[in-house]
Amino acid sequence: MINKTKTDGSRCEFQDEQGLALALDLAKRAAAQGDVPVGAVIVSQHGEVIGEGFNQREATQNPLAHAELLAIHDASTKLGNWRLESCTLYVTLEPCVMCAGAIVAARLKRLVYGAVDEKAGGVQSLYAICQDPRQNHRVICTKEVLGDQCAELMSTFFANVRMQRREKQNE
């Protein structure tokens with residue numbers, strides 16, 4: 001359960017950090033399986049985790065197995081509804097164009113992400129799909145929550161990938 005308010009009744013900021021911490025744990029599972037470390041968690045308006053996912057493209061050989069899509073599918077299945085209008089998605093990396101489109105299509109209320117993705121980000125870096133006024137739905141977006149930790153996980157993962165490739169070349 002993610003707390004929504006402080007004991008004095010005021011809204012607290014740590015809820016976003018708690019959601020991103022859960023997503024980071026999932027991202028580490030992706031990395032342990034050899035996939036890009038992205039994790040995603042969907043939380044209901046009541047603070048319940050109703051969907052989760054982590055990248056599984058390598059494990060499934062499915063280009064659609066992004067953390068966000070798996071979390072959206074999980075939440076929609078649990079709710080029995082494709083509209084996630086009162087929910088928040090927490091994800092460790094700025095969603096790509098495909099995932100940003102799915103976030104809009106699922107009518108998520110909020111998106112909170114950690115690291116900015118300057119090469120493939122569809123929320124702010126390359127495009128602004130979640131905020132595009134031409135869309136029939138817009139998503140409230142918060143960026144760089146636990147951004148340093150999320151970026152560090154990505155950097156470490158890709159440094160290890162590069163090191164493994166060098167070792168194979170030297171064999």
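Here we summarise the structure given alongside this text.

What counts, and where the lines are drawn
Residues numbered from 1 in each chain as written. Predicted model: local features only at pLDDT ≥ 70, side-chain atom pairs only at ≥ 80, totals over all residues. Heavy atoms only, no water. Helix = DSSP H or I, 4+ residues; strand = E, 2+ residues; numbered from the N terminus. Rg over C-alpha atoms; globule rule 2.2 N^0.38 Å. Buried < 20%, exposed > 50% of the residue type's maximum accessible area, 1.4 Å probe, protein only. Contact = heavy atoms within 4.5 Å. Areas by Shrake-Rupley, 256 points an atom, 1.4 Å probe, with all protein chains shown as cover. Lys, Arg positive; Asp, Glu negative; His and termini not counted. Charge placed at Lys NZ, Arg CZ, Asp CG, Glu CD. Pairing = 2+ DSSP bridges. Axes fitted to C-alpha atoms, helices over the stretch in contact; angles between N-to-C directions. Patch = residues over 30% accessible without salt bridge, like charges linked within 9 Å, V, L, I, M, F, W, Y side chains within 5 Å. Salt bridge = Lys/Arg side-chain N within 4 Å of Asp/Glu carboxyl O.

Side note on the overall build of the chain
A count of helices and strands for the chain gives five helices and five strands. Reading the chain from its N end, one meets helices and strands in the order α-β-β-α-α-β-α-β-β-α. For the chain, the C-alpha radius of gyration of 16 Å lies close to 16 Å, the compact-globule estimate for 171 residues. Along the first, second and third principal axes, the C-alpha atoms of the chain reach 60 × 40 × 30 Å. Counting across all 171 residues of the chain, residues that qualify as buried make up 44%. The long-range fraction of contacts in the chain, counting pairs at least 24 apart against all pairs at least 6 apart in sequence, stands at 54%. Counting every atom, the chain has about 9400 Å² of accessible surface; 49% of that belongs to carbon and sulfur. Side-chain charges in the chain split into 19 positive and 21 negative, and the spacing between the mean points of these groups amounts to 4 Å.

Side note on the sheet that holds strand 4 (residues 110-115)
Read across the sheet, five strands follow the order 2-1-3-4-5 without closing on themselves; strand pairing throughout is mixed. Edge positions in the sheet fall to strand 2 (49-54) and strand 5 (140-142), since each of these pairs with one other strand and no more. When the angles between neighbouring strand axes are averaged without regard to direction, this sheet yields 15°. Sheet topology places strand 1 (residues 39-43) next to strand 3 (residues 88-93); four bridges connect them, and they run antiparallel. Across the sheet, residue V43 finds its bridge partner in strand 3, namely T88. Helix 3 (residues 67-79) rests against strand 1, strand 2 and strand 3 of the sheet, and its axis sits at about 150° to strand 2.

Description of a nonpolar patch on the surface
A contiguous nonpolar surface patch, about 280 Å² in accessible area, is contributed by V97, L126 and Y127. Secondary-structure assignment places V97 in helix 4 (residues 97-105).

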